[in-house]
Amino acid sequence: MQDFFEMIFMTDMKLRKLVLAALFAALCTVMTMVIQVPSPMQGYVNLGDCAVLLSAWVLGPWYGGAAAGLGSMLADLLSYPHYAPGTLVIKFTMAVAAAYIFEAMRERSGKLAAQLIGGAAAEIIMVLGYFGYASLWLGKGLAAAASIPGNLVQGVFGIAAGVAVYAVLDRSHVLARA
């Protein structure tokens, strides 16, 4: 009988994580497409990376990575479809790296340090990933380097917003129920 209840509990936790992953995927899509701040560098800065990092820190590497990759890819499919394959891989990899670093450092160094270091690693992956994707896959060559400053601004913006939103969620004890 105890095994039955453990199986139900595990299924409930998996279902909860799956539902949260779907919600974070939608959040990644919406925060990428709807909330846009004009950038002096090139184009605009969005809050998509905030949602990518939040999905990593809340859901862990695999569910968070899936939510970040799929949600961000959906935003690109609706606006810049030629970037969608690269975005899927880049955002998934960002979230996996941020989650693993956060989990490894959280207890020893504190949540903020773990978020900043994990976020910085994730954003480096983003900057290098989009440079590589644009230069090699899209054939832009070294001209793709023009996007690096804007992506760096995007990264800093994403880390700052992600840390701020996570702090609010953490203080309100929403994350304890997640």
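Structure: see above.
Residues numbered from 1 in each chain as written. Predicted model: local features only at pLDDT ≥ 70, side-chain atom pairs only at ≥ 80, totals over all residues. Heavy atoms only, no water.

Chemist: Give me the overall build of the protein chain: which residues, what numbers.
Modeler: Of the regular secondary structure elements, the protein chain holds seven helices and two strands. Each helix and strand of the protein chain, ordered N terminal to C terminal, gives the series α-β-β-α-α-α-α-α-α. For the protein chain, with 178 residues in total, the buried portion stands at 42%. In the protein chain, the share of contacts with a sequence separation of at least 24, taken over all contacts with a separation of at least 6, comes to 68%. For the protein chain, the exposed area adds up to about 9,600 Å²; of that, 73% sits on carbon and sulfur atoms. (Helix = DSSP H or I, 4+ residues; strand = E, 2+ residues; numbered from the N terminus. Buried < 20%, exposed > 50% of the residue type's maximum accessible area, 1.4 Å probe, protein only. Contact = heavy atoms within 4.5 Å. Areas by Shrake-Rupley, 256 points an atom, 1.4 Å probe, with all protein chains shown as cover.)

Chemist: Hey, could you go over a nonpolar patch on the surface for me, with residue numbers and the actual values?
Modeler: On the surface, V30, M33, V34, I35, L74, L77 and L78 cluster together to form a nonpolar patch covering roughly 610 Å² of accessible area. For the nonpolar patch, the secondary-structure elements that each account for two or more residues are helix 1 (2-33) and helix 3 (61-79). No other element matches the three residues that helix 3 contributes to the nonpolar patch. Within the secondary structure layout, L74 lies in helix 3. (Patch = residues over 30% accessible without salt bridge, like charges linked within 9 Å, V, L, I, M, F, W, Y side chains within 5 Å. Salt bridge = Lys/Arg side-chain N within 4 Å of Asp/Glu carboxyl O.)

Chemist: An account of the pattern of salt bridges is needed here, citing residue identities and associated values.
Modeler: Applying the stated criterion across every chain yields a total of three salt bridges. E107 is the partner of R106 in a salt bridge, and the nearest nitrogen-oxygen pair spans 3.9 Å. Classification of E107 as exposed rests on a relative accessible area of 70%.

Chemist: Account for the packing of helix 2 (residues 48-59) against helix 5 (residues 111-137), naming residues and giving values.
Modeler: It is at 11 Å that the axes of helix 2 and helix 5 come closest, and there the two elements cross at 125°. If you check the angle between helix 2 and helix 5, you find them oblique. As for the relative orientation of helix 2 and helix 5, their crossing is right-handed in sense. In this structure, helix 2 contributes D49, L53 and W57 to the contact, and helix 5 contributes Q115, G119, A122, E123 and M126. Along the lines of polarity and charge, the residues of the contact of helix 2 with helix 5 split into four nonpolar, two polar and two charged. (Axes fitted to C-alpha atoms, helices over the stretch in contact; angles between N-to-C directions. Parallel < 35°, antiparallel > 145°, perpendicular 65-115°, else oblique. Left-handed = near helix turned anticlockwise from the far one by under 90°. Nonpolar A, V, L, I, M, F, W, Y, C, P; charged D, E, K, R; others polar.)

Chemist: Now, about the packing of aromatic side chains: what can you tell me, with residues and values included?
Modeler: The final tally for this structure, using the stated rule, is eight aromatic pairs. Both rings, one in Y83 and one in Y133, keep their centres 5.9 Å apart while their planes meet at 45°; by these two values the pair is tilted. Of this pair, Y83 sits in the loop between helix 3 and helix 4 (84-109) while Y133 sits in helix 5, and the two are 50 residues apart along the sequence. By relative accessible area, which is 10% here, Y133 ends up buried. Three or more aromatic residues joined by ring pairs make a cluster, and in this case those are Y83, Y130, Y133 and W137. (Phe/Tyr/Trp six-rings, centres within 6.5 Å; stacked < 30°, edge-to-face > 60°.)

Chemist: Can you break down helix 2 residue by residue, with the values?
Modeler: Along its 12 residues, helix 2 runs 16 Å from first to last C-alpha, staying within 8% of the 16 Å computed at 1.5 Å per residue. Judged by how many residues are buried, helix 2 sits mostly within the fold: 11 of 12 residues are covered. Along helix 2, the residues that are buried comprise G48, D49, C50, A51, V52, L53, L54, S55, A56, W57 and L59. Downstream of helix 2 by a residue or two, G60 has a phi angle that is positive, lying close to 90°. (Expected span 1.5 Å × (residues − 1).)

Chemist: Go over the side chain of S72 with me, naming the residues and quoting the values.
Modeler: Mapped onto the fold, S72 is located in helix 3. At a separation of 2.8 Å, a polar atom in the side chain of S72 contacts the main-chain carbonyl oxygen of A68. Those residues in contact with S72 that lie beyond four places of it in its chain are C28, V52, A67, T87 and K91. (Polar contact = N/O pair within 3.5 Å; in protein donor to acceptor, adjacent residues only side chain to side chain.)

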